[in-house]
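Structural characterization, general
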Amino acid sequence: EPEVTQTPSHQVTQMGQEVILRCVPISNHLYFYWYRQILGQKVEFLVSFYNNEISEKSEIFDDQFSVERPDGSNFTLKIRSTKLEDSAMYFCASRTGGGYYEQYFGPGTRLTVT
Amino acid sequence: KNQVEQSPQSLIILEGKNCTLQCNYTVSPFSNLRWYKQDTGRGPVSLTIMTFSENTKSNGRYTATLDADTKQSSLHITASQLSDSASYICVVSDRGSTLGRLYFGRGTQLTVWP
């Protein structure tokens, strides 16, 4: 069964460094998402992406964040200058159709900023 | 403000017993409500999706109900198994955003004891 994959599974970085989190969505999916989950807290929406552009972003997704679909298969989340509070689990999700369709989540990347 | 609240926060039951988890939401305009199961350190996995016109939906031992008038939902688990130990998250999608933004509850942490 096709699944969303994410790499790396765990990333440790120093404050102020840039990180890129990578996701490979399910191949025929058209809509892509990033979410984050700070330890012990609820999953929070970051950004949605369709047709090679951002569709919607939350208030969390500030100028330090960017997303890209560089080659038609990968979907990346870049954090330019990491802060301690960026430490969280980051989930990528994708789906094939509109609002009622299932979003499939990847296993997540745990980002630790020291 | 769009919010999803769940109760109880945590629950311990014995293997073979039934349980019911609750969800209240204020998300508007409402599109659909989902229940996800999230194992520790993993991405959420969908159990059910319901639109406003659906009162109940089952997936094996999981049965979800929805009352769109009172904005409440429940997830009933029958004949619990040890593998049911996980966080169960109520997620509501709105119609106001382009790609159906998801709002997550904090989850109910279910522990099934032998």
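Summary of the structure given here.

Each value, and the rule that gives it
Residues numbered from 1 in each chain as written. Chains lettered and ligands numbered in written order. Predicted model: local features only at pLDDT ≥ 70, side-chain atom pairs only at ≥ 80, totals over all residues. Heavy atoms only, no water. Contact = heavy atoms within 4.5 Å. Buried area = accessible area lost by both parts, 1.4 Å probe. Salt bridge = Lys/Arg side-chain N within 4 Å of Asp/Glu carboxyl O. Polar contact = N/O pair within 3.5 Å; in protein donor to acceptor, adjacent residues only side chain to side chain. Helix = DSSP H or I, 4+ residues; strand = E, 2+ residues; numbered from the N terminus. Buried < 20%, exposed > 50% of the residue type's maximum accessible area, 1.4 Å probe, protein only. Pairing = 2+ DSSP bridges. Axes fitted to C-alpha atoms, helices over the stretch in contact; angles between N-to-C directions.

1. Considerations on the interface of chain A and chain B
When the parts of a complex come together, some accessible area is lost, and that lost area is often taken as the interface size. The interface of chain A with chain B comprises 27 residues on the first partner and 25 residues on the second. Buried area between chain A and chain B, summed over both chains or domains, comes out near 2,000 Å², and the portion from carbon and sulfur atoms is 52%. Run the count over chain A and chain B and you get two salt bridges. Residue E102 of chain A is joined to R34 of chain B by a salt bridge in which the shortest nitrogen-to-oxygen separation is 3.9 Å. Scanning the region where chain A abuts chain B turns up four residue pairs in polar contact (both at pLDDT 80 or more).

2. Brief notes about the side chain of T76 of chain A
All names here are of chain A. With respect to the helices and strands, T76 occurs in strand β8 (residues 75-79). Since its relative accessible area comes to 9%, T76 is described here as buried. When sequence neighbours within four positions are dropped, the list of residues in contact with T76 reads I20, L21, R22, W34, S66, V67 and E68.

3. Re the sheet that holds strand β3 (residues 19-24) of chain A
Residues and elements named next belong to chain A. Taking strand neighbours across the sheet as the criterion, the four strands line up as β1-β3-β8-β7 in an open arrangement whose pairing is antiparallel. Edge positions in the open sheet fall to β1 (5-7) and β7 (65-68), since each of these has one partner strand only. Pairs of neighbouring strands in the sheet enclose a mean axial angle of 20 degrees, with direction left out of account. Sheet topology note: the β7/β8 ladder contains four bridges and is antiparallel. In the sheet register, F65 faces β8, and the bridge partner there is I79.

It is worth stressing that arrangement in space is one thing and function is another; only the former is reported here.
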